[in-house]
Each structure stands twice: as C-alpha cells, then as structure tokens.
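# Architecture and fold: a report
Here is what each chain is made of, one letter per residue.
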Amino acid sequence: MPHAGWQDFRFDGIGTGWEISTPDPLPPGLRSSLLDEVERYDATWSRFREDSLVTLMSRAPGQYQLPPEAAGLAALYRQLYTLSGGAMTPLIGESLERLGYDPHYSLQPHGEAAPPPAWDAVLEWQGTSLRTTAPVMLDIGGAGKGQLVDLLAGQLRSHGVKDFFIDASGDLLNGGPEPVQVALEHPYDTTKAIGTVPLGSGALCASASNRRAWGDGLHHVLDGTTGAPVRTVVATWARAETAMEADALATALFLVPAEDLDRNFRFSWLKVFSNGSAEYSAEFEGALFT
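Summarised in this report is the structure supplied together with it. (Residues numbered from 1 in each chain as written. Predicted model: local features only at pLDDT ≥ 70, side-chain atom pairs only at ≥ 80, totals over all residues. Heavy atoms only, no water.)

Right, let's get into the packing of aromatic side chains. All told, the structure shown has 6 aromatic pairs when counted by the stated rule. For the ring pair F11 and W18, a centre distance of 5.8 Å and an interplane angle of 10 degrees mean the geometry is stacked. Here F11 matches W18 in class, with each residue buried. Taken together through their ring pairs, the aromatic side chains of Y41, W45, Y81, W119 and W125 make up a single cluster. (Phe/Tyr/Trp six-rings, centres within 6.5 Å; stacked < 30°, edge-to-face > 60°. Buried < 20%, exposed > 50% of the residue type's maximum accessible area, 1.4 Å probe, protein only.)

In structure tokens form, the structure reads like this:
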C-alpha cells in the first residue's frame, strides 16, 4: 500500500494482477466502470482470446476499425519501430507464438526463431483505421498495459478522484503529488531489490526478461529483426509522464541505444545488463544497492 490508511481495490485483468489505492474506498459504480474498461480493452487487443479483434486479424486480412486509443498506439509504435530499425514492432506476436508463448501457453517452440513480416509489407495503420494485406498477429504488449493504466487513471479523474496510485504488476502510476518509495526488483531474484526510487506524479514502468521466461533461455522480449530473445539486457525501468510511454520505453531500452531514445523522448531510465553492469540517465533519481 503506497500510503498508510489508503484503501485498495484489487482485481485481475489482461492476464495480470492490479491494485488501485485511494484515500477513500471507490464506490461500486466506479469499480464496475473500471472493470468494464479492462474487459473492453482485453476484448480488443488480447491475442490470448479467441473472441478478440486481434485474433480475428490473425485469421484474415482486411480493413479493421479500432477504438480511439489505437491512434496513440499507432503513433508511438511507428516512432519506435523506426528508431529501432524494426526491432520493436507490434507484429512480434507471430514470433512469440513460434517460440511457444502462444494463446495456449504451450511454452514449447514450434520451430526456430524467425522475424515477423516488415510493417509496410503487411500493415497500414493510421489512427483508428488498420488495413492488413495478410493475416497478422498483433502484440501490443510493449505498451498496452501502460496504456490501460492511463485509461483507468482517466476514469478515476473523470469521477473526481484526484489522489490515487495504480500498480499493474510493475507498471506504476502515481496520480497524486506525494512521492511513493518504490523498490526496483532484482532481475534474478524477485524476493530482492537492487535499489529504490521515489516516484512522484507520473509513471514508472519496468521490463525484465525474467518476468515471462521459459525453456532454454527463452523470454518475451524479442528483437523484431531476428525473432530471437534479447540476451544483453535483463531489466529496464523508465519514468515518464504517462504509463503508456513509460511502458513502451522500458521495452525499447532492450532494443535501442538509450541515447537515441533520449533525443526523442522526455523520460529517465535505468538499464541492467546480463554482465551485472548498469547504466542510467542523470535524471533517474534513486539509489542502487551495491
């Protein structure tokens, strides 16, 4: 609990646990509205559901109309796709399924690592309009959970809730001005921390190769140019104004030199490498344990 005496609203959504903390209990109507928004988002974007729009896209090419939040996703993913030379792509779902991270959670590779198709070869995505020329498996996991955090924060604010703290299993958003001390999870031991950081108003999102790992060195952070897991980076943290941007940049830090991201985004960051070393931006306020 971020503040003593605050009330927690806990639930599961999009395959993970959520906790929304507020000074006063959320009324039942608002709780239902938040859960409805989570369900709506999941029904659109989840590649783990048979009835989702994303699953429909994987079966047949065509013209698809997406909900309003798609415009923000399209712009951010396109920018990061370009900056990464195709390493960060919303088409990575096909590569993930090939390595066993499929809707059935088989965790059994169906072949060797292979890159997904190039964006412009199969996909036209402008705002809320998306056209595919072949079946594609979208996976917006690099930014989607963060975006959903922002959407729920918008609902809270629209109902007059000014102070809140959202914890979506590592994607954090502090809606109030009072800083919250956050522990940075050790990438090799989830019971330990490698440091702490004070999170004021804004978002802090983490990405780590240990969070969804299986098999012999397989995990969910893939390089879109090869379809293979990233080996050099093991954990990242990004602080930004919105959770969607922080979430996307935490993923991008696995794939793009930090200085390239610094030139294009206002954020602070920490990156931990597989050899035990770490890099961080001058603006990343926190303490790393030695």
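The pairing of strand β8 (residues 180-186) with strand β9 (residues 189-199) spans 7 bridges and is classified as antiparallel. Within the sheet, the bridge partner assigned to V180 lies in β9 and is L199. Between β8 and β9, which pair antiparallel and follow one another directly, the connecting turn spans 2 residues. (Pairing = 2+ DSSP bridges. Helix = DSSP H or I, 4+ residues; strand = E, 2+ residues; numbered from the N terminus.)

Here we take up the sheet that holds strand β4 (residues 123-126). Pairing is antiparallel in the open sheet, where 3 strands are placed in the order β3-β5-β4. Strand pairing shows two members of the sheet lacking a second neighbour, β3 (62-65) and β4, which therefore form its edges. Sheet twist, expressed as the mean angle between neighbouring strand axes with direction ignored, is 10 degrees. (Axes fitted to C-alpha atoms, helices over the stretch in contact; angles between N-to-C directions.)

Turning our attention to the side chain of K145. Tracing the backbone shows K145 in helix α6 (residues 144-158). Sequence-distant contacts of K145, defined by excluding residues within four places in its chain, comprise I14, T16, W18, A168, S169, D171 and D247. (Contact = heavy atoms within 4.5 Å.)

Here we come to the pattern of salt bridges. In this structure the tally under the stated criterion is 13 salt bridges. R49 is the partner of D42 in a salt bridge, and the nearest nitrogen-oxygen pair spans 3.0 Å. Connected through shared salt-bridge partners, E39, D42, R49 and D51 make up one network. (Salt bridge = Lys/Arg side-chain N within 4 Å of Asp/Glu carboxyl O.)

Moving on, we get to unusual backbone geometry. Phi angles above zero are rare outside glycine, and I14 is one such case at about 45 degrees. Looking at the secondary structure, you find I14 in the loop between β1 (7-13) and β2 (16-22). For I14, a relative accessible area of 28% gives the class partly exposed.

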